[in-house]
There are 2 protein chains.
Amino acid sequence: MSDPQPAPARRRPRADALRNRQRLLAEADAVFREEGTGASLEGVARRAGVAIGTLYGHFPTRAALIAALLEERNQALFAYGAELAEGPDPAAALAEWVRAVVRHAAAYQGLADQLSAGNDELNESCAEMTALGDRFTERARAAGVLRGDTTGADLFTLMNAAAWSREHDTPEQADRLLDLALAGMLTTTPPPAAG
Amino acid sequence: MSDPQPAPARRRPRADALRNRQRLLAEADAVFREEGTGASLEGVARRAGVAIGTLYGHFPTRAALIAALLEERNQALFAYGAELAEGPDPAAALAEWVRAVVRHAAAYQGLADQLSAGNDELNESCAEMTALGDRFTERARAAGVLRGDTTGADLFTLMNAAAWSREHDTPEQADRLLDLALAGMLTTTPPPAAG
DNA sequence: CGCTAAACTGAGGCGTCCTCGACTTCTGCT
DNA sequence: AGCAGAAGTCGAGGACGCCTCAGTTTAGCG
């Protein structure tokens, strides 16, 4: 079962390829922020000064492109999550984690759809997200501030729904939804965002 | 400001037009159930045995087609809502109303997106929906079972989010989200669906 | 039966997705 | 410096969907 390591003597990745990849990521980020994740990929390629085939060479699917974009962002997010998970107040930590993820997911319109569409490329992030969610729910349950059987999956559903809502209604409406669900989830209601 | 009624001596609508309209609605219903509201309209026209131009003649936009489809369904739904609104238990009525609408909205994948996309054609149903929601929240507040400032708009947001969730996660997950939010909304928690 | 408005038709312009064979350029090696 | 070839790039092109509109058909009415 061990790899006989064919030792393909990997060449260093080409400089122009790296440049194009970076350029594509930058433009995709901009375009997705402006028009949502459904934006034209040909437009992205055009803006990046690159042929459409080059885009597909780097990112075979739209989901792959989004996943690459998310990767760096997620680094910071997960770090923040891990930090939060250490905090003293499990209920507040859980609430803040959910809110942070929702803020994060609202970066591109349509991201929520992508995330819950079950694209293989995005599953990695999702799995990690749910796992981290489980940590929060377990701590909260241990502290006795969590309603019965809430799980990380419930958190994930809530986060997606709230992110989606943020894209369609106003952010305020989405926040009210979030408050409602968190109030139903936690026995000690967290301090609502609005004073 | 009164209409000088040009009295255009209206002709009876043509029989073939009515037939085609019915056929288009029937096929659109089927296709949207199978593939969601994003399905190809050319496909709908094909299945209805009609040219694409005919479809556009009857329904100038996708939203118009969806609105027409929803109209009859909404009749029944609003009737049910009015009935519920008379019931003895405001909290239970509100919860059941929300659940009923979510069930209804889950008929076509992507319907939630359409509803909250602010299409003029669909605003009519939405307005009526929110108005009815206000009746439920007001009754519940009067009975003292509603958290502070919840409005019909909050209900609408919740319903859309839950419907969207139902389309993407499992129905069970969406129901859990709904339970959570309702628990946060109502001070007397409604009996959860699951024992 | 003929007139006419209403309705139907479907080709066509445009945009997007994605592929693939031909072409270019960079890297590693001598 | 020069070369071989792997790696990367290009962009035309087929497939499909949206929507329009000029030409044609057809049902209702007198």
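Structure: above.
Quick summary incoming for the structure in this document. (Residues numbered from 1 in each chain as written. Chains lettered and ligands numbered in written order. Predicted model: local features only at pLDDT ≥ 70, side-chain atom pairs only at ≥ 80, totals over all residues. Heavy atoms only, no water.)

The subject of this paragraph is the protein's contact with DNA strand D. Taken together, 23 residues lie near DNA strand D, and Arg 14, Asn 20 and Thr 54 of chain A together with Tyr 56 and Arg 62 of chain B sit nearest. At the protein interface, 67% of the atoms of DNA strand D within 4 Å belong to sugar or phosphate. Within the side chain of Tyr 56 of chain B, one N or O atom sits 2.8 Å away from a phosphate oxygen of DNA strand D. With respect to DNA strand D, the side chain of Arg 62 of chain B contributes an N or O atom lying 2.4 Å from a phosphate oxygen. (Near = heavy atom within 4 Å. Polar contact = N/O pair within 3.5 Å; in protein donor to acceptor, adjacent residues only side chain to side chain.)

Residue and element names in this part refer to chain A. Together, Glu 71, Glu 72, Glu 124 and Glu 128 give the surface a local cluster of negative charge. Those elements that place two or more of their residues in the negative patch are α4 (62–86) and α7 (120–142). By secondary structure assignment, the location of Glu 71 is in helix α4. (Patch = residues over 30% accessible without salt bridge, like charges linked within 9 Å, V, L, I, M, F, W, Y side chains within 5 Å. Areas by Shrake-Rupley, 256 points an atom, 1.4 Å probe, with all protein chains shown as cover. Salt bridge = Lys/Arg side-chain N within 4 Å of Asp/Glu carboxyl O. Lys, Arg positive; Asp, Glu negative; His and termini not counted. Charge placed at Lys NZ, Arg CZ, Asp CG, Glu CD. Helix = DSSP H or I, 4+ residues; strand = E, 2+ residues; numbered from the N terminus.)

Taken together, 23 residues lie near DNA strand C, and Tyr 56 and Arg 62 of chain A together with Arg 14, Asn 20 and Thr 54 of chain B sit nearest. Looking at DNA strand C alone, sugar and phosphate atoms form 67% of those within 4 Å of the protein. The separation between a phosphate oxygen of DNA strand C and a polar main-chain atom of Ala 51 of chain B is 2.9 Å. Those elements that provide at least two residues to the surface near DNA strand C are α1 (15–35), α2 (41–47) and α3 (52–58) of chain A together with α1 (15–35) and α3 (52–58) of chain B. With four residues, α3 of chain B is the single largest residue contributor to the surface near DNA strand C. Counted by class, the surface near DNA strand C contains nine nonpolar, five polar and nine charged residues. (Nonpolar A, V, L, I, M, F, W, Y, C, P; charged D, E, K, R; others polar.)

A few words now on the pattern of salt bridges. All names here are of chain A. Using the criterion set out here, one finds 22 salt bridges over all chains in the structure. When the shortest N-O distance is used, the salt bridge between Glu 27 and Arg 47 registers 3.1 Å. Of this pair, Glu 27 sits in helix α1 while Arg 47 sits in helix α2, and the two are 20 residues apart along the sequence. Among the residues examined, Glu 27 registers a relative accessible area of 14% and is labelled buried. With a relative accessible area of 36%, Arg 47 lands in the partly exposed category. (Buried < 20%, exposed > 50% of the residue type's maximum accessible area, 1.4 Å probe, protein only.)

None of this, on its own, says anything about what the molecule does.
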